[in-house]
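Geometric and topological summary
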Amino acid sequence: MDIEFAVADQLGEEAELIVVGSVSQARRASAMKLSCALLDIDVEGGKTFDVAARLLASGTPFAFVSGSSPGEVPEALRRVRFLRKPFSTHEIASFISGVVAEQARPAVG
């Protein structure tokens with residue numbers, strides 16, 4: 001609930017939040033076009049590392065938000081931002097704001 005509040009407070013009614021509680025739900029959600037994602041590592045059905053790999057491959061910005069140890073993260077995913085529980089809503093809002101600001105910048109090319 002703290003994460004939902006932080007995101008809604010930061011982005012207001014413009015934000016569409018998709019909250020899932022299991023690996024299977026996360027897999028389905030990761031197939032959608034997402035602006036960004038926050039992943040807990042341990043959820044119902046196991047760990048979300050395959051979901052994280054899918055998000056990384058698709059270029060979807062995401063962060064781990066977990067009470068797990070960062071050392072549990074597979075080597076290929078260790079560059080991903082890791083917000084350790086207990087986290088502050090400011091940390092969540094800062095991550096989301098950064099992603100939104102980056103996506104709002106015009107492409108240089």
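Cut-off values and rules
Residues numbered from 1 in each chain as written. Predicted model: local features only at pLDDT ≥ 70, side-chain atom pairs only at ≥ 80, totals over all residues. Heavy atoms only, no water. Buried < 20%, exposed > 50% of the residue type's maximum accessible area, 1.4 Å probe, protein only. Helix = DSSP H or I, 4+ residues; strand = E, 2+ residues; numbered from the N terminus. Arc of directions from axis to C-beta. Contact = heavy atoms within 4.5 Å. Pairing = 2+ DSSP bridges. Axes fitted to C-alpha atoms, helices over the stretch in contact; angles between N-to-C directions. Phe/Tyr/Trp six-rings, centres within 6.5 Å; stacked < 30°, edge-to-face > 60°. Polar contact = N/O pair within 3.5 Å; in protein donor to acceptor, adjacent residues only side chain to side chain. Patch = residues over 30% accessible without salt bridge, like charges linked within 9 Å, V, L, I, M, F, W, Y side chains within 5 Å. Areas by Shrake-Rupley, 256 points an atom, 1.4 Å probe, with all protein chains shown as cover. Salt bridge = Lys/Arg side-chain N within 4 Å of Asp/Glu carboxyl O.

This brings us to helix α2 (residues 23-30). Among all positions of α2, only V23, A26, A29 and S30 are buried. All buried residues of α2 fall inside an arc of 120° around its axis, so they share one side. Of the surrounding elements, those touching the buried residues of α2 are β2 (42-43), β3 (46-47) and α3 (49-58).

Attention now moves to the environment of F95. When you line up the elements, F95 lands in helix α4 (residues 89-104). Apart from residues lying up to four places away in sequence, F95 is in contact with C36, A37, L38, P61, F62, A63 and R81.

Moving on to the sheet that holds strand β1 (residues 37-39). The three strands are arranged β1-β4-β5 in an open sheet whose pairing can be described as parallel. Whereas interior strands pair on both sides, the edge strands pair on one side only; in this sheet they are β1 and β5 (81-84). Looking at each pair of strands side by side, their axes are set apart by 25° on average, direction ignored. Direction of pairing for strand β4 (residues 62-66) relative to β5: parallel, over a ladder of four bridges. Bridge pairing in β5 places A63 opposite R81.

Summed over the entire model, instances satisfying the criterion amount to three aromatic pairs. Arranged with centres 5.7 Å apart and planes meeting at 90°, the rings of F62 and F64 form a pair that is edge-to-face. The exposure classification of F62 matches that of F64, with both residues buried. Plain terms: the ring middles of F64 and F82 are 6.3 Å apart, the flat faces sit at 45° to each other, and that makes the pair tilted. Taken together, the positions of F64 in strand β4 and F82 in strand β5 put the pair 18 residues apart, joining distant regions of the chain. Through pairs of rings, three or more aromatic residues link up here, namely F49, F62, F64 and F82.

Checked against the element boundaries, S30 lands in helix α2. Among the polar contacts listed, one links the side chain of S30 to the backbone oxygen of R27, at a separation of 2.9 Å. Within polar-contact distance, the side chain of S30 engages the side chain of R54 at 3.2 Å. Residues contacting S30, with those up to four places away along its chain left out, are V51, R54 and L55.

With that settled, consider a nonpolar patch on the surface. There is a patch of nonpolar side chains on the surface, built from I18, V20 and M32 and spanning about 230 Å² of accessible area. Within the fold, M32 resides in the loop between α2 and β1.

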